[in-house]
Amino acid sequence: MFDTLSPQAPDKILALIKMFRDDPRETKIDLGVGVYKDADGNTPVMRAIKAAEQIVWDTQDSKSYTGLAGDPAFADAMIDLVLSEAVPRDQIAAVATPGGTGACRQAFELVKMANPKARVFVSNPTWPNHLSILNYLGLEVVPYRYFDADSRGVDTQAMLDDISTAGPGDLVLLHGCCHNPTGANLNSVEWDAVIASLQASGATAMVDIAYQGFGDGLEEDAAATRKLVSSLPNVLVAASCSKNFGVYRERTGILMLVGSSSARPLNQSTLEYLNRQNYSFPPDHGARIVTTVLTDPGLRADWQTELEAVRLSMLSLRQDLANELQRLAGSDRFAFLAQHRGMFSRLGTTPDLVEKLRIDYGVYMVGDSRMNIAGLNAQKVPILAQAIIDCGV
Ligand code: LMR
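These numbers were taken from a predicted model, which means no experiment stands behind them.

A. Up close: the sheet that holds strand β8 (residues 253-258). Within the open sheet, the 7 strands sit side by side as β2-β8-β7-β6-β5-β3-β4. Their pairing is mixed. At either end of the open sheet lies a strand with only one pairing partner, and these are β2 (92-97) and β4 (140-145). On average, each strand axis in the sheet is tilted by 20 degrees relative to the strand beside it, whichever way the strands run. Both strand β3 (residues 119-124) and β4 contribute to a ladder of 6 bridges, which runs parallel. Bridge assignment links F121 to a residue of β4, and that residue is V142. Sitting on the sheet, helix α4 (residues 99-114) is in contact with β2, β5 (171-175), β6 (204-209), β7 (235-240) and β8, with an inclination near 160 degrees to β7. Sheet contacts for helix α7 (residues 188-201): β5 and β6; angle to β5, the most-contacted strand, approximately 170 degrees.

Below, the structure is given as structure tokens:
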């Protein structure tokens, strides 16, 4: 039966990992997959995570099943982290998922179940795996304009024009903060305009929030998501713990469906049903250590301190790169790098020059010129800046 299979296109982000590994050059620079790296190029286990794992190891006396929604304490802790007091708890259905990708997948499955004809509006560009999963599920994708190629910021008017064509029964997918892949984000006034558009059109919003704490701060990065859920009748929120807790391989995430309190029992049981169909019980280990960190005041404070240091280090790398490019180029045409937020910035150059940067200079970035800023350190900033200029970007 399997001779009917045909090869699938490799994931472009994941393909870079192997190409980078196979490159023998010592000067190579990895700006590919979205993983935080410290100044030595390591992705450390965060202090509070290590301590929480020890606590779980010492105290856990069973590995029996949790529930289809995962441990309720994880949902409570994550709802507090992401949504805070934006809406009453009894309006929120939530299930643990295998990472933020699992949450996106379950959200799209839910949309398909509710309305197979739903159109899903996605930013152009968006995280490639959004498109891949939506295509796999057979949902119609409608790109909305987002990135302004000249300013490297958001073309807000074009975005508003495009999402205004969504209607009831459609989904508008938004990045809660730290847009992936561009690094260009809406300000709070622009978010208000997006909310007004969704209120007028009746389309449903979905927020993918995978980098809370990497942009302007933990609270600041959640502000738009909180405003959306408190202003709209239904919002899906897919949150990842991979990056801000550094638990990438544990696959820890959550899907929330915010609606009316009367709809919550049906929403909750439907999300649990979908978990059962796809993988039954969601993974627990990462969720348990995240819960331990969030519910222990000492661990939570230490986690926030370390996360803030990570955020500030990425901001300072952005500024250093923008400064160095300004010095070399003699213009401020790269100033946008310091304005972008989160792990990524879209340089805004051609696939040919991205290829040239890889082949001639050992600089690895995604083909659309997305750079993972966390792949840099103080030594690599001038090397990268020189390569960008020499390449003719
Ligand atoms: C990325 O965008 O690089 C990360 O979210 C990792 C992934 O799974 O693609």
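There's more to say after this.
B. Summary view of the pairing of β5. Counting buried residues along β5, 5 of its 5 residues qualify, which places the element largely inside the surrounding structure. The alternating pattern of β5 places L171, L173 and H175 on one face and V172 and L174 on the opposite face, and all of these are buried. Relative to β5, β3 runs parallel, the two sharing 2 bridges. Within β5, the residue paired with F121 across the bridge is V172. Pairing of β5 with β6 involves 5 bridges; the strand directions are parallel. Its bridge partner lying in β6, L174 is registered against V207.

C. Inspection of the packing of helix α3 (residues 72-82) against helix α10 (residues 285-295) at higher detail. Running from amino to carboxyl end, α3 crosses α10 at an angle of 55 degrees, the nearest separation of the two axes being 9 Å. With respect to α10, the axis of α3 lies oblique. Read as a crossing pair, α3 and α10 show a hand that is left-handed. Contacts between α3 and α10 involve A73, F74, A77, M78 and L81 from the first element and A287, V290, T291 and L294 from the second. Here the contact of α3 with α10 is composed, by residue class, of 8 nonpolar, 1 polar and no charged.

D. Representation of the domain arrangement of the protein chain in the model. Looking at the assigned domains, one finds that the protein chain contains domain 1 (11-45 + 300-387) and domain 2 (48-297). A separation of 26 Å is found between the C-alpha centroids of domain 1 and domain 2. Note on domain 1 versus domain 2: buried area summed over both sides is about 2700 Å², and carbon and sulfur give 58% of it. Summed over the shared surface of domain 1 and domain 2, the number is 2 salt bridges. Close ionic contact of D216 with R341 constitutes a salt bridge, the shortest N to O distance being 2.9 Å. Counting across the interface, domain 1 meets domain 2 through 18 residue pairs in polar contact (both at pLDDT 80 or more). At the level of secondary structure, the elements contributing two or more residues to the side of domain 1 that touches domain 2 comprise α11 (297-329) and β9 (344-346). Its residues assigned to classes, the side of domain 1 that touches domain 2 comprises 13 nonpolar, 7 polar and 9 charged.

E. Focus on the side chain of T270. Here T270 is to be found in helix α9 (residues 264-278). If we skip the residues at most four places from it in the chain, T270 touches L110 and M113.

F. A look at the environment of A224. Within the fold, A224 resides in helix α8 (residues 218-231). Taking relative accessible area as the criterion, A224 reaches 9% and is therefore assigned buried. For A224, the residues in contact, after removing those within four places along its chain, are G176 and W191.

G. Up close: the state of the cysteines. Enumeration according to the criterion identifies 0 disulfides in this entry. We note that C178 lacks a disulfide partner, and the nearest cysteine sulfur, in C177, lies 3.8 Å from it. With no disulfide partner, C241 has as its closest neighbouring cysteine sulfur the one in C177, 13 Å distant.

H. The arrangement of the site of the ligand in detail. The environment of the ligand is formed by I13, V33, G34, W127, N180, Y211, K243 and R370. Within the backbone of G34, one N or O atom sits 2.7 Å away from an oxygen atom of the ligand. The separation between an oxygen atom of the ligand and a polar side-chain atom of R370 is 2.8 Å. With the chains in place, 80% of the 260 Å² that the ligand exposes on its own is no longer accessible. Each residue belonging to the shell around the ligand can be placed in one class, and the counts come to 4 nonpolar, 2 polar and 2 charged. For the shell around the ligand, the domains that each give at least three residues are domain 1 (11-45 + 300-387) and domain 2 (48-297).

I. Molecular detail of the packing of aromatic side chains. Inspection of every chain in the model, using the stated rule, returns 6 aromatic pairs. Judged by centre distance (5.3 Å) and plane angle (90 degrees), the ring pair of F20 and Y364 falls under edge-to-face. On the criterion of sequence distance, the pair formed by F20 in helix α1 (residues 12-22) and Y364 in strand β10 (residues 363-364) is long-range, its members being 344 residues apart. Owing to a relative accessible area of 16%, F20 belongs among the buried residues under this scheme. Under the relative-accessibility criterion, Y364 is labelled buried at 3%. Measuring from ring centre to ring centre gives 4.2 Å for Y65 and F281, while their planes differ by 15 degrees; the resulting arrangement is stacked. With Y65 in the loop between α2 (47-59) and α3 and F281 in the loop between α9 and α10, the pair connects residues that are 216 residues apart, well separated along the chain. F281 sits in the partly exposed class, given a relative accessible area of 25%. Grouped by ring-pair contacts, the aromatic residues Y211, F214 and F344 constitute a single cluster. Above the face of the F20 ring, K28 is positioned so that its terminal group lies 4.4 Å from the ring centre. Over the aromatic face of F20 sits the side chain of K37, whose NZ or CZ is 6.0 Å from the ring centroid.

Rules and cut-offs
- Residues numbered from 1 in each chain as written.
- Predicted model: local features only at pLDDT ≥ 70, side-chain atom pairs only at ≥ 80, totals over all residues.
- Heavy atoms only, no water.
- Pairing = 2+ DSSP bridges.
- Helix = DSSP H or I, 4+ residues; strand = E, 2+ residues; numbered from the N terminus.
- Axes fitted to C-alpha atoms, helices over the stretch in contact; angles between N-to-C directions.
- Contact = heavy atoms within 4.5 Å.
- Buried < 20%, exposed > 50% of the residue type's maximum accessible area, 1.4 Å probe, protein only.
- Parallel < 35°, antiparallel > 145°, perpendicular 65-115°, else oblique.
- Left-handed = near helix turned anticlockwise from the far one by under 90°.
- Nonpolar A, V, L, I, M, F, W, Y, C, P; charged D, E, K, R; others polar.
- Domains from an automatic or database assignment.
- Buried area = accessible area lost by both parts, 1.4 Å probe.
- Salt bridge = Lys/Arg side-chain N within 4 Å of Asp/Glu carboxyl O.
- Polar contact = N/O pair within 3.5 Å; in protein donor to acceptor, adjacent residues only side chain to side chain.
- Disulfide = S-S within 2.5 Å.
- Near = heavy atom within 4 Å.
- Areas by Shrake-Rupley, 256 points an atom, 1.4 Å probe, with all protein chains shown as cover.
- Phe/Tyr/Trp six-rings, centres within 6.5 Å; stacked < 30°, edge-to-face > 60°.
- Lys NZ or Arg CZ within 6 Å of the ring centre and 35° of its normal.

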